[in-house]
Structures are given as structure tokens and as C-alpha cells.
Amino acid sequence: MLRQSVSSPVRSMFSAGPVSRALFRQQQMRQNSTLSSLVAKANAAVASAKSLADKGLYWSKVVAEVSKQVYLKESFAPPTAAQFQSTYNGLYSSVLPHFTSPEAFFAALKSINGATLFKFVGYGIQLFGAFSLGEIVGRRKIVGY
């Protein structure tokens, strides 16, 4: 009695005959195979990302240890306050005249020869390329650059 009172689309499919059951099974198998292939691709992508992350972590630790050893062997140290002050006082005294008198600025521009100008243009192109590469990585698209 319970069997007759329950009606569902699945029951009507199965009660229609062996052909309907076969079609239902075939459709279900297709869905399962599509889903399993997507799951397999996702698992492969996750495994690849985990592998890359592990390698990146390993090499960052190697670089940190090598840097630490170089720092200790070369006895590097941050600059003292006197070194910092002397460097920036020298820089300030050499740049200040260019801002106080325009003649000194234009004289410095006129003294630049072709080889120096070529070198500065090369540096500018390298800086622009590094900036553009950073923008491409940051935006995760190449279009526009």
C-alpha cells in the first residue's frame, strides 16, 4: 500500500521499463564521470600549487640562511648615526645649489655628454620595464601593458 501511495519522477522512470532504467543509469554515469574528471583536475591543481609553495618555502629558507652567513662573515652592520648624517649632509650640500639657482641646474644639464645620456636612458628603460612587470604581476593580466 505504501508503495502505491508514493509517486515520484524517479519511480515513474523506473516503472516505465528497462529502456528508461538504462537511460537513467547512463545519464547518471555521465554526470559522475564529468564530476570525477573535474575533481581529478582540481586535485592535480591543488597538488601542483602545494608543490610550488613547498619549493618556494624551501628556497626562501635557503636564501635567508645564506644571507645570514654572508652578513656574519662580512661583519655587516647598519650605518651609525654619524655615517648616516655625513652621507646625507654631503648629498644635501651637493643638490641644494641646483634648487637655489637655475643657472647652476642648466649648467649641470649642459655638461652631460652623449655617453652619460645614453646610460641614463638605458636605466630609465630598465626602471620602466621593472615597473610594468610589477603592474602585470599585480593585476594578473598582460592586457594594457
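Remember, it's a predicted structure, so these values are computed and weren't measured experimentally.

S.K.: Before we go on, may I ask you to explain the overall build of the protein chain in this structure?
M.R.: Check the secondary structure of the protein chain and you find 6 helices and 0 strands. Mapped from its N terminus to its C terminus, the protein chain presents α and β elements in the order α-α-α-α-α-α. Expressed as a percentage of its 145 residues, the buried residues of the protein chain come to 1%. Total accessible area computed for the protein chain in this model is approximately 13,000 Å², and 67% of it derives from carbon and sulfur atoms.

S.K.: Just checking my understanding: could you explain the pattern of salt bridges for this structure?
M.R.: Two side chains that carry opposite charge are able to pair once their charged atoms sit near each other. Scanning the model with the defined rule gives 3 salt bridges in all. In this structure, Asp-54 engages Lys-50 in a salt bridge whose closest nitrogen and oxygen atoms are separated by 3.3 Å. Of this pair, Asp-54 and Lys-50 both sit in helix H3 (residues 18–73), separated by 4 residues, roughly a single helical turn. Using a relative accessible area of 41% as the deciding quantity, one classes Asp-54 as partly exposed. A residue is classified by how much of its surface remains accessible, and Lys-50, at 53% relative accessible area, is exposed. Glu-135 is the salt-bridge partner of Arg-139, the closest N and O atoms lying 3.2 Å from each other.

S.K.: What am I meant to see in a nonpolar patch on the surface here?
M.R.: A cluster of nonpolar side chains, contributed by Phe-105, Phe-106, Leu-109, Ile-112, Leu-117, Val-121 and Ile-125, occupies part of the molecular surface with about 660 Å² of accessible area. As for its position among the elements, Val-121 is in helix H6 (residues 114–139). Here Val-121 falls in the partly exposed class, since its relative accessible area comes to 46%.

S.K.: Hey, could you run me through the packing of helix H4 (residues 81–100) against helix H5 (residues 102–110) in this one?
M.R.: Between two packed helices, the angle of one axis relative to the other and the distance separating the axes together describe the packing. Axis separation between H4 and H5 bottoms out at 5 Å; the angle between their running directions is 110 degrees. What the angle tells us is that H4 and H5 run roughly perpendicular. Contact with H4, carried on its side by Pro-97, His-98 and Thr-100, involves Pro-102, Ala-104, Phe-105 and Ala-108 of H5 and no other residues of that element. Here the contact of H4 with H5 is built from residues that sort into 5 nonpolar, 2 polar and no charged.

S.K.: Help me understand H6, please; the structure alone is not making it clear to me.
M.R.: Counted at 1.5 Å a residue, the expected span for H6 with its 26 residues is 38 Å, and the 37 Å between its end C-alpha atoms agrees. Backbone geometry just after H6 places Arg-140 at a positive phi near 60 degrees.

S.K.: Help me understand the packing of aromatic side chains in this model?
M.R.: Applying the stated criterion across every chain, the model contains 5 aromatic pairs. Where Tyr-58 meets Trp-59, the ring centres are 5.1 Å apart and the plane angle is 80 degrees; that geometry is what we call edge-to-face. Residue Trp-59 is classed as exposed on the basis of its relative accessible area, which comes to 52%.

S.K.: Just to check I follow, could you spell out unusual backbone geometry for this structure?
M.R.: Note on backbone geometry: most residues besides glycine have negative phi, and most peptide bonds are trans. Within the chain, Ser-75 stands out as a residue other than glycine whose phi angle is a positive 50 degrees. Tracing the chain through its elements places Ser-75 in the loop between H3 and H4. With relative accessibility at 60%, the residue Ser-75 sits in the exposed group. Notably, Arg-140 is not glycine yet its phi reads approximately 60 degrees, a positive angle.

S.K.: Can you help me understand the confidence of the model for the protein chain in this one?
M.R.: Reading predicted coordinates in detail is not appropriate for stretches of low pLDDT. Within the protein chain, residue pLDDT values average 82, and 77% of them lie at 70 or more. When pLDDT is averaged over each helix and strand of the protein chain, the minimum, 50, is found for helix H1 (residues 2–5) and the maximum, 93, for H6.

Conventions we followed
Residues numbered from 1 in each chain as written. Predicted model: local features only at pLDDT ≥ 70, side-chain atom pairs only at ≥ 80, totals over all residues. Heavy atoms only, no water. Helix = DSSP H or I, 4+ residues; strand = E, 2+ residues; numbered from the N terminus. Buried < 20%, exposed > 50% of the residue type's maximum accessible area, 1.4 Å probe, protein only. Areas by Shrake-Rupley, 256 points an atom, 1.4 Å probe, with all protein chains shown as cover. Salt bridge = Lys/Arg side-chain N within 4 Å of Asp/Glu carboxyl O. Patch = residues over 30% accessible without salt bridge, like charges linked within 9 Å, V, L, I, M, F, W, Y side chains within 5 Å. Axes fitted to C-alpha atoms, helices over the stretch in contact; angles between N-to-C directions. Parallel < 35°, antiparallel > 145°, perpendicular 65-115°, else oblique. Contact = heavy atoms within 4.5 Å. Nonpolar A, V, L, I, M, F, W, Y, C, P; charged D, E, K, R; others polar. Expected span 1.5 Å × (residues − 1). Phe/Tyr/Trp six-rings, centres within 6.5 Å; stacked < 30°, edge-to-face > 60°. pLDDT = per-residue confidence, 0-100.

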